[in-house]
Each structure stands twice: as C-alpha cells, then as structure tokens.
Amino acid sequence: MSAGGKPPEADAASEPTELDAIDVFWLPGEACDGCSISTLGATDPPIEDLLRGHVPHLPQINLHHHELAVESGTAYVDGMRDAVAGERDPYIVVVEGSVPNERLIDGDGYWVSMGKDEQGDPIRTVDWLDRLAPGAAAVVAIGTCATWGGVPAAQGNVTDAMGTMDYLGRDYRSELGLPVINVPGCAPVGDNFIETVAHLLLHVGGFGPPPELDELGRPTWLFGETVHRNCERGSYYEEGDFAEEYGSEKCLVSKGCWGPTVKCNMPSRRNIEGVGGCMNMGGKCIGCTMPGFPDKFTPFFKKPPGSKVSTVSSSILGGIMSKLRQKSMKNLDTSTRWENPGLTERMYQWQLKRGSNYDPDRGLERRPGGKTGDD
Ligand code: SF4
Ligand code: SF4
C-alpha cells in the first residue's frame with residue numbers, strides 16, 4: 001500500500017496454511033444488484049471455479065449471497081450469526097450498495113435489513129456490518145455505491161447514504177490489518193473485483209502479499225492510471241481530431257468525455273473477457289469509478305470544465321503535428337532504394353532490361369515502385 005497506514009505485519013505473506021474453504025458474506029446495501037451481475041460475468045477466474053475450489057492455492061469459497069443462496073430466512077442468516085460468534089474464522093465480508101445513515105430514523109423504521117432477530121424484528125444491514133467487520137479477514141466494497149456512496153448518495157438523497165469506508169472509518173483495519181478494499185465502478189468490471197478477491201484469498205492462505213492499495217483502498221494495479229492513458233481513441237486526441245457526433249471513431253472529449261481525469265482501467269480490460277467497454281463501444285467516460293460520481297459529473301452530457309481549452313489547444317498543436325506526421329509518413333512509405341537507386345540498383349535494372357525474361361512491352365512496371373522500361 002503506497003499510503004493509508006498499512007501496518008508493517010500486513011506487508012509480508014504469513015506461512016502458507018491448509019485452508020480448504022472460506023466463508024464470504026455478501027451484505028446488500030442500497031444498490032441495483034448490478035455489481036452482483038458483473039461478478040457473475042467475471043472470467044478471471046470465473047466465480048464458479050472459486051465456488052468449486054478449482055483454482056490452485058485458493059480455498060473454496062462458501063458464498064452467502066442473498067439472491068444466490070439456497071437457504072432462506074433464519075437458515076440464511078445462521079452463517080453470519082456463527083461468524084459473529086467467532087465460529088467461521090477466517091471470513092471475508094463483501095458490501096454491495098451504499099450504507100444508509102440509519103441514525104436518521106432510529107426507532108422509526110429502517111432503510112435496509114436482512115433477517116430477523118429473536119423478537120422478530122428486522123436486523124439492519126448496518127448492524128451486520130458492525131458485527132462482522134471487526135472479525136473479518138478483509139472487508140471488500142464492490143461498486144461505486146459501496147465504495148464512495150454512488151448514485152444513492154447523490155445530492156438530495158433522503159437516506160444520507162455513504163460508502164463503506166466512510167461508515168467504518170478510514171482508520172478501520174481488518175483482522176489482517178487491511179483497510180476497506182475498494183473496487184469502484186457503476187457497474188464495476190467483474191474481473192477487477194474477482195481478481196482482487198483472488199489476490200486476497202492467496203494472502204489469507206499465506207501464499208502471497210496483500211493486494212497493493214492506494215490511499216483510498218483501491219488496488220493500484222487496477223486504478224493507478226487514467227482512462228485516457230489506455231483509450232484506443234488517444235491518438236485522435238493527440239492530433240486534435242474530435243468526434244462531431246456519436247458513432248464516430250474519433251476522440252469523444254468534444255462530447256464531454258472525462259477520461260483524462262478519471263482513474264479506471266476499462267479501456268484496457270474492457271467489460272467482460274476483453275469485450276465491450278465504454279469508449280470501445282462508442283460511449284464517453286462519465287467518471288463512474290470516482291468518489292465525486294455522480295454529482296461532480298452531472299449533467300452527464302455537459303462538457304467538463306476545461307474541455308474547451310483542451311480541445312482548442314489540442315486542435316492547434318495536434319493539427320500541426322498531424323500535418324508533419326503525414327509528411328513523415330509519406331517519406332517512410334517510400335523505400336530508399338526507390339528514392340536513390342545508386343550504382344548497384346541501376347546496374348541491376350540495366351541487367352533486368354537485358355535479361356531473358358525482360359518483357360519489352362511491360363518494361364519494369366511489374367516491379368513495385370520500379371523504373372519503367374522507358375527510363
Ligand atoms: S475518448 Fe476520452 S478517454 Fe478516449 S482519448 Fe478521448 S478524451 Fe481520452
Ligand atoms: S471508462 Fe469512465 S464511465 Fe466507463 S467504467 Fe470507467 S470510469 Fe466508468
């Protein structure tokens with residue numbers, strides 16, 4: 001971790017342990033379930049392989065997911081009760097969706113709950129988070145709602161929604177000394193999440209170091225660079241060649257793309273198994289992985305501040321550069337042999353003209369770029 005206070009003991013892997021299986025408790029907050037769908041589409045490795053324990057050195061995961069579970073009612077929450085009682089160590093908590101501020105309506109209902117207590121009262125999701133987070137090997141927030149608050153936390157929301165890190169505190173540390181691990185995106189790239197979990201499982205089993213995180217708990221190898229840096233439209237930007245309408249293959253900054261200032265690996269990883277992705281499919285970046293999303297990026301079809309300066313300067317500089325490149329390209333598209341035949345080439349042509357296969361009607365036209373028989 002480059003910042004954020006990772007304790008020294010979390011730097012190194014501990015001794016490998018024979019960990020056959022591990023419980024993963026999936027806590028739903030205020031969400032659309034898009035993150036669950038992304039996870040189901042992941043391939044690196046597929047969730048099915050983790051569920052069956054088919055990935056070498058990774059323990060099989062016992063996933064407790066509210067929509068995928070066979071159990072329901074009390075039987076479903078029993079696993080979480082056992083974990084709170086310390087009978088499921090080690091375990092991982094995954095949060096999907098933003099965390100509502102239940103204090104706002106304390107004693108007057110609840111925003112989100114899962115299961116019921118002995119009195120038959122709903123158990124709020126924040127109560128599960130309070131009970132499970134302290135003993136968890138790690139807490140992973142999937143998607144922008146769970147990481148930073150996302151759409152449910154947009155200005156004017158009535159639940160005072162927030163991200164998991166804001167709820168638990170930036171100084172929260174799991175049993176393994178890790179802060180909340182944040183994998184943002186609306187919806188996130190499923191492989192970003194599953195790869196982070198796989199990395200984490202290796203660490204839990206003592207086979208590797210902890211995932212490297214930035215100061216906001218994001219995996220650095222996934223969120224260390226801007227969208228723009230890997231965008232396949234980058235060369236158009238550089239040459240000041242901008243899209244005038246959607247459907248164009250050119251740079252979309254003219255349409256309000258935020259890619260130059262947004263941390264996300266979508267252009268290189270794409271959506272599922274190397275297919276799809278925002279700019280790859282014709283859409284612009286609206287900054288969905290960022291803590292400022294959505295408020296700082298709306299209205300989505302308004303151009304970002306500074307985009308006028310950037311497009312004008314890019315157009316001028318890029319236009320000059322493009323012209324110079326055209327000239328250079330023309331030059332590189334010509335063999336030196338064609339430009340300066342030299343003595344050897346001239347002799348070769350002279351011999352060709354006199355060779356038995358010399359065609360007096362076609363001269364040397366059959367040779368690409370060669371001199372004609374009239375020379
Ligand atoms: S489309 Fe967006 S991310 Fe891609 S080159 Fe243009 S500004 Fe950068
Ligand atoms: S490229 Fe932009 S809009 Fe697309 S997933 Fe990444 S941050 Fe979100």
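None of the values given here were measured: they were computed from a predicted structure.

The rules behind each value
- Residues numbered from 1 in each chain as written.
- Chains lettered and ligands numbered in written order.
- Predicted model: local features only at pLDDT ≥ 70, side-chain atom pairs only at ≥ 80, totals over all residues.
- Heavy atoms only, no water.
- Helix = DSSP H or I, 4+ residues; strand = E, 2+ residues; numbered from the N terminus.
- Buried < 20%, exposed > 50% of the residue type's maximum accessible area, 1.4 Å probe, protein only.
- 1 Å grid on protein atoms, 1.4 Å probe; cavity = no way out; pocket = protein on both sides within 12 Å on 5 of 7 lines; lining within 4 Å.
- Points joined across faces, edges and corners; volume = space filled by probe spheres on them.
- Domains from an automatic or database assignment.
- Near = heavy atom within 4 Å.
- Sits in = over half its atoms within 2 Å of the grid points.
- Nonpolar A, V, L, I, M, F, W, Y, C, P; charged D, E, K, R; others polar.
- UniProt positions renumbered as here; feature names shortened; annotations may be inferred.
- Contact = heavy atoms within 4.5 Å.
- Core = buried A, V, L, I, M, F, W, Y, C linked by side-chain atoms within 4.5 Å.
- Phe/Tyr/Trp six-rings, centres within 6.5 Å; stacked < 30°, edge-to-face > 60°.
- pLDDT = per-residue confidence, 0-100.
- Pairing = 2+ DSSP bridges.
- Axes fitted to C-alpha atoms, helices over the stretch in contact; angles between N-to-C directions.

## Here we look at the overall build of the chain
Next, step 1: Across its full length, the chain carries 14 helices and seven strands.
Next, step 2: Each of the 375 residues in the chain was classed as buried or not, and the buried ones make up 45%.

## Thoughts on the layout of surface pockets
Next, step 1: Roughly 280 Å³ of internal volume is contained in the largest pocket.
Next, step 2: As for the largest pocket, its lining consists of 23 residues, and the residues nearest its centre are C186, C264, M266, C278 and C288.
Next, step 3: Looking at which domains feed residues into the lining of the largest pocket, each of domain 1 (8–219) and domain 2 (225–333) supplies at least three.
Next, step 4: One number sums up the size of the second largest pocket: a volume of about 150 Å³.

## Concerning the site of ligand 1
Next, step 1: If you check the shell around ligand 1, you find V227, H228, C231, R233, G234, C251, L252, V253, C257, G259, P260 and M279 and nothing else.
Next, step 2: Judged by its atoms lying within 2 Å of the grid points, ligand 1 is housed in the largest cavity.
Next, step 3: Of the residues in the shell around ligand 1, the class split is eight nonpolar, three polar and one charged.

## Brief notes about the site of ligand 2
Next, step 1: Taken together, V227, V262, C264, M266, C278, M279, C285, I286, G287, C288 and T289 are the residues near ligand 2.
Next, step 2: Taking a 2 Å distance to the grid points as the criterion, the majority of the atoms of ligand 2 fall inside the largest pocket.

## Some details on empty space enclosed by the protein
Next, step 1: A complete count under the given rule lists four cavities of 30 Å³ or more for this structure.
Next, step 2: There is about 100 Å³ of room inside the largest cavity.
Next, step 3: For the largest cavity, the lining is made up of 13 residues, of which H228, C231, C251, L252 and C257 are closest to its centre.
Next, step 4: Of all elements in the fold, only α9 (227–230) and α10 (234–238) reach the threshold of two or more residues within the lining of the largest cavity.
Next, step 5: Residue composition of the lining of the largest cavity, grouped by class: nine nonpolar, three polar and one charged.

## A word on the UniProt feature "binding site: [3Fe-4S] cluster" (unreviewed entry) in the chain
Next, step 1: The feature "binding site: [3Fe-4S] cluster" (unreviewed entry), as annotated in UniProt, sits at C285 and C288 in this numbering. In the annotation above, C285 and C288 are the residues that line the largest pocket.
Next, step 2: Position of C285 among the secondary structure elements: in the loop between α11 (266–269) and α12 (307–332).
Next, step 3: Residues within four places of C285 in sequence aside, it is in contact with V227, G256, C257, W258, G259, V262 and M279.

## Structural notes on the nonpolar core
Next, step 1: Residues I92, V94, V140, F193 and L201 are the most contacted members of the largest nonpolar core, which totals 29 residues.
Next, step 2: Ranked by residues supplied to this core, first place goes to helix α7 (residues 190–204) with seven residues.
Next, step 3: Apart from the residues lying within four places of it in its own chain, the contact partners of L201 are I22, L50, L58, P59, I61 and I92.
Next, step 4: In this structure, V95, L132, A133 and V139 belong to the second largest nonpolar core, which totals 27 residues.

## A word on the packing of aromatic side chains
Next, step 1: Summed over the entire model, instances satisfying the criterion amount to six aromatic pairs.
Next, step 2: Between the aromatic rings of W26 and F193, the centroid separation amounts to 5.7 Å while the plane-to-plane angle is 75°, which identifies the pairing as edge-to-face. Of this pair, W26 sits in strand β1 (residues 21–28) while F193 is found in helix α7, placing the two residues 167 residues apart along the sequence. Each of the two residues, W26 as well as F193, counts as buried.
Next, step 3: Ring centres of F293 and F300 lie 5.8 Å apart, and the angle between their planes is 15°; on these two criteria the pair is classed as stacked.

## Section: the confidence of the model for the chain
If pLDDT is low for a region, its predicted coordinates should not be looked at in detail.
Next, step 1: Per-residue confidence for the chain gives a mean pLDDT of 88, with 90% of residues at or over 70.
Next, step 2: Here residues 1–13 is a poorly scored stretch, pLDDT under 50, and it has 30 contacts once near neighbours within four places are set aside; other chains count.
Next, step 3: Confidence drops under pLDDT 50 across residues 370–375; counting only partners more than four residues distant or on other chains, this segment forms 12 contacts.

## Here we look at the environment of M281
Next, step 1: Inspection of the secondary structure assignment puts M281 in the loop between α11 and α12.
Next, step 2: Between the C-alpha atom of M281 and that of R270, which follows or precedes it by 11 residues, the distance is 9.6 Å.

## Some points on the side chain of H64
Next, step 1: Note on placement: H64 falls in strand β2 (residues 60–64).
Next, step 2: For H64, a relative accessible area of 14% corresponds to the buried category.
Next, step 3: In contact with H64, other than residues within four places in its own chain, are D23, V24, F25, W26, Y76, G79 and R88.

## Some points on the sheet that holds β1
Next, step 1: The strand order β2-β1-β3-β6-β7 describes an open sheet built from five strands, whose pairing is parallel. Sheet topology places β2 and β7 (181–183) at the edges, where each strand pairs with a single neighbour. Between one strand axis and the next, the sheet turns by 25° as a mean value, whatever way the strands run.
Next, step 2: Sheet topology places strand β3 (residues 91–96) next to strand β6 (residues 138–142); five bridges connect them, and they run parallel. Bridging across to β6, V93 finds its partner in V139.
Next, step 3: Along the sheet face, helix α1 (residues 34–41) touches β1, β3 and β6 and points at about 125° away from the line of β3.
Next, step 4: The strands that α7 touches are β1, β2, β3, β6 and β7; relative to β7, the one it contacts most, it runs at about 155°.

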